[in-house]
Amino acid sequence: MKKRVLAGFFLSLSLMLSACSGGGGTAAPADPAKPQEGQAAAAKTELVVAAEQEPVGYDPHKVPAASSVRVYALIYDSLTKLDENMNIIPNLAEKWEVAPDGKTITMFLHKGVKFHNGKDMTADDVKFTFERIMNPDTGSIAKSYFSSVESIEVKDPTTVVFKLKNADAAFIANTASAYASIVPSGSTDLTKEAIGTGPFKMEKAEPGQYVLLKKNPDYFNKDVPKVETIKFQIMKDEAERLAAIRSGKIDISVVSADSAKLLEGKPGVQVKNYQSLEYSYLGINVNKKPFDNPKVREAISYAVDRNQIVQTVWKGEAALTGPIAPAITNWAVDTATYPTYKTDVEKAKQLLAEAGFPNGFDTQIETAATYPDMVETAQVIQQQLKAIGINAKINQLEWGNYIEVWKSKDMNLMVGRNTSGVDADRSMRFFFSTTGSANVWNYSNPAYDELVAKALATVDQAERKKLYEQAQTMLVADAPNLFLASPKNYYAVRDNIDFTPTAAGEVYSLIKTAIK
């Protein structure tokens, strides 16, 4: 909260000084973003993007942090990808065939694709990649995506065949994930080298300062990328990012809803937004007392006013959400059908008393210190829980520590954000089945596991939708997470940058970005 106030103050001060300097016959200060008279206007070829968090590693199979994904997804390619309308389209696989029984999927690879080290990308690399992901020793975040795979066969250098134990309606969608990036066969430690087939190569990473990517001149899609280099400048403080976008020191920055309102209509900068597929949540470790008691979790759900979070944290620019973000209209259930979304403090107190905690208890909420929305969400929830006697201390963690605590499965309560993805399997099985790779809440319900497994193997879309609706209702009632708000995302963009953010993701937009 304090950082937001300071950000607003410094931006307002900056705008005020700019306005004052324009009068009284005094020459306006030069805009450092533009070449001055007499100066040769060297063509700008480097795109500078503010990074609000530092990457915590570059192994696409192991590192789930968004600050890392935005970088390594430009270095690596997956077999498929999303287009701007969230359709699955070819990428390294130029086409694919699914057998009538749904249990054999043949991928046909683009010919002539090379890794950044000059090595040809072949079916052997695809087989190696997926076997690395599925190997329990790897600890891959994508492992549960491909639990249906029984074997992988290399038919020829550009044809790879996946044999499945059962039909898998989400398989093709899951191959679009950056977590399923294709890596060179024989790769061992991807934290030390990042060699993909992607549109950019890793040029240099200076811890605490920047990550520099250089255009891959041999990229198989000759239409992109459109800039020579992308520099991710580490700027954790929003006030610093706002000053930098105003001065032209950076070209693109994520900004909060508050800052977006301050920047709207200001010269040199455009504010662009889109309805995201993300949602914020309060994660609950169901193995930790007293959260192992379903009545305690239900009480917390009744005590939390999600509408207040929408208004306070997101300034009304967000929608209530369930386990699947409302923008995924094919799958999301109307939140009005969930009884616990109607705030009822008295019922919450009654449930706590029935659980053996008539006077509440003390606990701790973990959150990421450098994401203002997460801190503010934790603060709002802290106040709401006080009303039922739960005294929660907020622990603001540095980003790397936050990721480690998330992976530890040993937290109590944790505020965070997820992305739903385009197929319900990610939101439901990946995050919450007993063996889901991202189930860090220790949630395990055999009836839920059976529902999402059956949905995965169901090809009929109408039947599949019914199964996921049952699963969403069950999950909200069990409450291993409280699903809070799905926000709009905002970017501040310099006028000379052709950048259009979409729900397909930042990487999709950066590859197409041009400098005017």
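It should be noted that the structure appears before, not after, this text.
Procedures and definitions
- Residues numbered from 1 in each chain as written.
- Predicted model: local features only at pLDDT ≥ 70, side-chain atom pairs only at ≥ 80, totals over all residues.
- Heavy atoms only, no water.
- Core = buried A, V, L, I, M, F, W, Y, C linked by side-chain atoms within 4.5 Å.
- Buried < 20%, exposed > 50% of the residue type's maximum accessible area, 1.4 Å probe, protein only.
- Helix = DSSP H or I, 4+ residues; strand = E, 2+ residues; numbered from the N terminus.
- Contact = heavy atoms within 4.5 Å.
- Salt bridge = Lys/Arg side-chain N within 4 Å of Asp/Glu carboxyl O.
- Phe/Tyr/Trp six-rings, centres within 6.5 Å; stacked < 30°, edge-to-face > 60°.
- Lys NZ or Arg CZ within 6 Å of the ring centre and 35° of its normal.
- Pairing = 2+ DSSP bridges.
- Axes fitted to C-alpha atoms, helices over the stretch in contact; angles between N-to-C directions.
- Parallel < 35°, antiparallel > 145°, perpendicular 65-115°, else oblique.
- Left-handed = near helix turned anticlockwise from the far one by under 90°.
- Nonpolar A, V, L, I, M, F, W, Y, C, P; charged D, E, K, R; others polar.

Novice: Explain the nonpolar core to me, using residue names and the numbers behind them.
Specialist: Counting 142 residues, the largest nonpolar core has Leu79, Phe162 and Phe232 as the members making the most contacts within it. With six residues, the top contributor of residues to this core is helix H2 (residues 66-75). Excluding anything up to four places from it in sequence, Phe162 contacts Leu79, Lys103, Thr104, Ile105, Met107, Val126, Phe130, Val149, Ser151, Ile152 and Phe171. Within the second largest apolar cluster, 14 residues are counted, among which are Ile250, Ala260, Leu263 and Ala492.

Novice: How would you summarise the pattern of salt bridges if you had to cite specific residues and measurements?
Specialist: As a working rule, side chains carrying opposite charge can pair if their charged atoms are close by. Per the stated rule, a full pass over the model turns up 22 salt bridges. For Glu278, the salt bridge goes to Arg417, with nearest N and O atoms at 3.0 Å. Highlighted residues: Glu278 in strand S13 (residues 278-284) and Arg417 in strand S17 (residues 413-419), separated in sequence by 139 residues. Judged by its relative accessible area of 18%, Glu278 is buried. Judged by relative accessible area, which is 25%, Arg417 ranks as partly exposed. Taking the shortest distance from any N to any O, the salt bridge between Asp425 and Arg429 comes out at 2.6 Å. Taken together, the positions of Asp425 and Arg429, both in helix H12 (residues 424-432) and four residues apart, correspond to about one turn of that helix. Here the salt bridges share partners, and the residues they tie into one network are Glu52, Arg70 and Glu506.

Novice: Report on the packing of aromatic side chains, specifying residues and quantitative values.
Specialist: Considering all chains together, one arrives at 22 aromatic pairs under this definition. Consider the rings of Tyr279 and Phe483, whose centres lie 5.6 Å apart with planes at 75 degrees: the pair is edge-to-face. A residue pair is termed long-range when its members are at least 10 positions apart, and Tyr279 in strand S13 and Phe483 in strand S18 (residues 481-483) qualify at 204 residues. Considered together, Tyr279 and Phe483 belong to a single accessibility category, that of buried residues. With centroids separated by 5.1 Å and ring planes inclined at 65 degrees, the aromatic side chains of Tyr491 and Phe499 adopt a geometry described as edge-to-face. Between the NZ or CZ atom of Lys231 and the centre of the ring of Tyr210, over which it lies, the distance is 4.7 Å.

Novice: Now, about the sheet that holds strand S15 (residues 361-368): what can you tell me, with residues and values included?
Specialist: The five strands are arranged S16-S15-S17-S13-S18 in an open sheet whose pairing can be described as mixed. Only two strands of the sheet have a single neighbouring strand rather than two, namely strand S16 (390-397) and S18. Looking at each pair of strands side by side, their axes are set apart by 30 degrees on average, direction ignored. Across seven bridges, the pairing between S13 and S17 is antiparallel. Counted as the bridge partner of Ser280 is Arg417 from S17. Strands in contact with H12 are S13, S17 and S18; relative to S17, the strand with the most contacts, it is inclined by about 145 degrees.

Novice: Describe the packing of H12 against helix H13 (residues 446-456), naming the residues involved and giving the relevant values.
Specialist: Running from N to C, H12 and H13 point in directions that differ by 135 degrees, and their axes come no closer than 10 Å. Relative to H13, H12 is oriented oblique. Two packed elements cross with a definite hand, and for H12 against H13 that hand is left-handed. Two secondary-structure elements touch here, H12 through Asp425, Met428, Arg429 and Phe432 and H13 through Tyr448, Val452 and Leu456. For the contact of H12 with H13, the residue count by class is five nonpolar, no polar and two charged.

Novice: Got a sec to walk through the sheet that holds strand S5 (residues 104-109)? Specific residues and values, please.
Specialist: Strand order in the open sheet made by the four strands is S4-S5-S7-S6, with antiparallel pairing throughout. Because the sheet does not close on itself, it has two edges, and the strands there are strand S4 (93-98) and strand S6 (149-156). Here the average twist between neighbouring strands, direction ignored, is 20 degrees. Relative to strand S7 (residues 159-164), S5 runs antiparallel, the two being bridged by five bridges. Among the inter-strand pairings, Ile105 is bridged to a residue of S7, identified as Phe162. In this fold helix H3 (residues 123-134) packs onto S5, S6 and S7, with an angle of close to 165 degrees to the strand it touches most, S6.

Novice: Which residues make up the pairing of S5, and what values go with them?
Specialist: For S5, the buried fraction is high: six of the six residues fall into the buried class. Of the two faces of S5, the one holding Thr104, Thr106 and Phe108 and the one holding Ile105, Met107 and Leu109 are both buried throughout. Where S4 lies against S5, five bridges are found, and the strand directions are antiparallel. Bridging across to S5, Trp96 finds its partner in Met107.

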